Amino acid sequence: MLRTALRNVLAHRARLVMTALAITLGVAFVSGTLVFGDSVAEALRGASARSLKDVAVAVQAETRRNSTEAADDTVSTALTGQLADQVRAVPGVTSVRPTVSGTATLAAKDGRPLNADTTWQNLATNYAPDAPRTDRDARYPVSAGRGPVADGEIALDRRTAEKAGYRLGDSVRFATTGPTLTKTLVGTVDTDDPRVRAGGSLALFDTGTAQRLFLQEDRFDELAVGSAPGTDNQELTSRIRALLPAEGITVTSGARLAQQQAEQIAENTKELTRTLLAFAGIALFVGAFLIANTFTMLIAQRRRETALLRAIGALRHQVVRAVLVEATLLGLAASAAGFALGLGIATAVGPLLGASGLSLPAGPLVVSADTLLRSLAVGVGITVLAAWLPARRAARVAPVEALNTVDQAPPKRSTVLRHSLGGLLTGLGVLCMLYVAAQRDGGDTNLQAAALGSVLTLTGMIVIAPLLSRPLIRLAGTVTTRFFGVSGRLAEENALRNPRRTAATASALMIGLTLITGLSVTGSSTGAALRDAAVRGLTADYKVSNAGFGGIDPALAADVARVPGVAEAVPVASAGLAVPGAYDSITGADPRRLGTVTGLTFSSGSLADVGPGRIALSDKLAARAGLTKGDTFRGTVGFGREQRELTVAGIYRQTRIVGDALGTLDDVLPHAIGGRFESILVKAAADRSPAGLDRGIREALGNSPLLRVQDQQQLTKAQSGPIDAVLTMMYGLLGMTVAIGVLGVVNTLAMSVFERTREVGLLRAIGLDRKGVGRMVRLESVVISLFGAALGIGTGLFLAWACGSLTAASLPQYTLVLPWARLGLFLLLGPAIGVLAALWPARRAARLDVLHAINADQ
């Protein structure tokens, strides 16, 4: 039986090509993900280890505000120069490198801000030479020029300098939290910091300048302590810990810090790997349909051969074992090819990320034995599992019955049982999703119910697909018969000849299109809700805000108001607000002027009622706190503990522009962080077009790279941009699933043509020409693909509608938005896939020799 299995694999290798390709693609996805994840983790660990190579002890300080007053935004730490000297005097210490850290947003040479939307990646620190008599900082090797040593100097990482267009000697503009600053570029450096290599920037200053920018004189964020060879670093850590004050300072050994960073890196890369493996699992699940279909058709085509084996003494379990051995060999060969392809994918990802500006630290490709074994196990396991049912079915056929060359329909009982089970699963899934749709909160229970309902619904649709195939394909057949005559009618009958096979082929496409449709509808609806939330209630033409968390200098509001063409420049502040049973935020503005740049809808009261001690609440906050217009309560504004008496002057519909509560600017600004404005809302004069006004506003703001001037279109784009980026990535990952579905259609058609060789010969003999035969196969492919696309789009729409309540719980503006253009494209994808998949099978069928086809023994 083993020799029989080997012979069958070699004899039918042409028919197994598409199946092997599907397994190869799925395993490549898995192995590429595992190798890439391991390589990234190793590269990040290497970069971390290099940065901590000479660190025996790390002394880290907690950053604290210098005052409890919100208006005081200066920060400091407990690490002073005196403490650094004390650490330097500890026996065994050879070096102490003090570090000051912060963020600095740069402007490119042409004036555009760099990374204004990801200020946390714009790193800034001090350039600290390793020894007093050297100008070398081992953390940042100089690639050109030198490190900064004076107040007016700055160094940048090489990639950032190239991206911004700066050369040595140029004046570099940047901002931290205050006004725009300018310093001369004296050098560029290299760095392995993952945040910088992922698209961020690095700015280096001398230590004194860094302290003035980010802390205060003689203060540090961290001390990196080096030790002499042979020193017990654990004991050294204990001595330094005993020397320093316990409050606000953490002392960790370099080995422990490296271990913590390695654990964090492993956890972060594990999340990425899990996400990619989930999509790989979907691709393999779809591939299982192709494998099962292939073995079902192969076994049907080898019925006489199986009968002869049974007749000469082969037992049922031997037949099953032979098929599973065949599947194992196929899976092993395809998995090995997939693993090799996965190595190529993992190798190519790094340069692709680098081309997009997201590079990773340099490191070798990590290929572990565990990854190889897991990839092979997945590929072989999926193949054997998918072939198990066809093998069992082959073993149940009696020898005499199998000698019959006429295809028999599946037993009635099995069809009824399958349809009953499919209806039950689908019904349970639909009920579960209807329950989710009726809920109005996004708790874990509803999320789990949605996941369960989605799985049940999709599984039920797969099981019940043969029952649905008949009416839907009949409907499509009406069109094909009307426009293509005999070829169209034959295509319809061929598709209906074996509903199970048709359903299995269409299900592979259905799964991919269900997920893509669901993601597309959910993403479009969420994006539309975010765009609506970004500008709802906003009538201003521009919004000025800080890309970081530093706020806006109050003096700038008057500068913006003096820009020609500006009718109103309304400053807005924000602070915390504690009300009975809730803690939210309160917006402060001049109520008389706020109405010119916003369109608040009041259910009671009005903007005119807002004044000192009289605040308006959003409908959401009022409901949570149980307050109505005219109520008086004791609340707290800002960080302080002092309560004051506040009166509810009105209730309005909540908007993102105003937030949870509204008070006067005088009541809120003293409690805002740093005493700064959160934003400035700008309205253009009636006789002036808003277009181009942003240039004058930017000039009034000193062209600070940290301050954003956005019109309503830019505000909405900033909200929906991340959603579009995620959707694009999801489409790419799910594209593998659709590709495997296409292979399934190709494989089914090719094997069907082989199975119907004699029938095709008879059709040719009675007058159907080559074009008619090719058209018949193409139309059959189109009908099957349309069936899969219709099921996938319909199921995806239903799941997206039902899951909408989960998003609506946290985003009240959420409503179902159908992306008609994309849905139309997905629907057209069905016939396109059908035509593409039928190219080779149709050509093969049309070129069959009539006499040889009639005499063919299948």
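Residues numbered from 1 in each chain as written. Predicted model: local features only at pLDDT ≥ 70, side-chain atom pairs only at ≥ 80, totals over all residues. Heavy atoms only, no water.

Structurally, the position occupied by Asp 170 is in the loop between helix H4 (158-164) and strand E11 (171-175). A distance of 3.2 Å separates a polar atom in the side chain of Asp 170 from a polar atom in the side chain of Lys 109. One polar contact links the side chain of Asp 170 to the main-chain amide nitrogen of Arg 167, over a distance of 2.7 Å. Not counting residues up to four positions away in its chain, the partners in contact with Asp 170 are Lys 109, Gly 165, Lys 183, Thr 184 and Leu 185. (Helix = DSSP H or I, 4+ residues; strand = E, 2+ residues; numbered from the N terminus. Polar contact = N/O pair within 3.5 Å; in protein donor to acceptor, adjacent residues only side chain to side chain. Contact = heavy atoms within 4.5 Å.)

Right, let's get into the pattern of salt bridges. Per the counting criterion, the structure on display carries 23 salt bridges. The partner of Arg 497 in a salt bridge is Glu 759, with the nearest N and O atoms 2.8 Å apart. Taken together, the residues span a long stretch of sequence, with Arg 497 in helix H14 (residues 444-497) and Glu 759 in helix H22 (residues 757-765) at a distance of 262 residues. Overall, the relative accessible area of 45% leaves Arg 497 in the partly exposed class. Through salt bridges that share partners, Asp 151, Lys 183, Arg 212 and Glu 217 make up one connected network. (Salt bridge = Lys/Arg side-chain N within 4 Å of Asp/Glu carboxyl O. Buried < 20%, exposed > 50% of the residue type's maximum accessible area, 1.4 Å probe, protein only.)

Of all residues in the chain, 93% attain a pLDDT of 70 or more, and the chain-wide mean is 85. The low-confidence segment residues 409-413 (pLDDT under 50) makes two contacts with residues lying over four places distant or belonging to another chain. (pLDDT = per-residue confidence, 0-100.)

Next up on the list: the packing of helix H2 (residues 17-51) against helix H11 (residues 369-396). Where H2 meets H11, the closest approach of the two axes is 10 Å, and the angle between their N-to-C directions is 155°. The angle between H2 and H11 places the two elements in the roughly antiparallel class. For the pair H2 and H11, the crossing hand works out as right-handed. Mapping the contact onto sequence places Ile 23, Val 27, Val 30, Ser 31, Leu 34, Val 35 and Asp 38 in H2 and Thr 371, Arg 374, Ser 375, Gly 379 and Thr 383 in H11. (Axes fitted to C-alpha atoms, helices over the stretch in contact; angles between N-to-C directions. Parallel < 35°, antiparallel > 145°, perpendicular 65-115°, else oblique. Left-handed = near helix turned anticlockwise from the far one by under 90°.)

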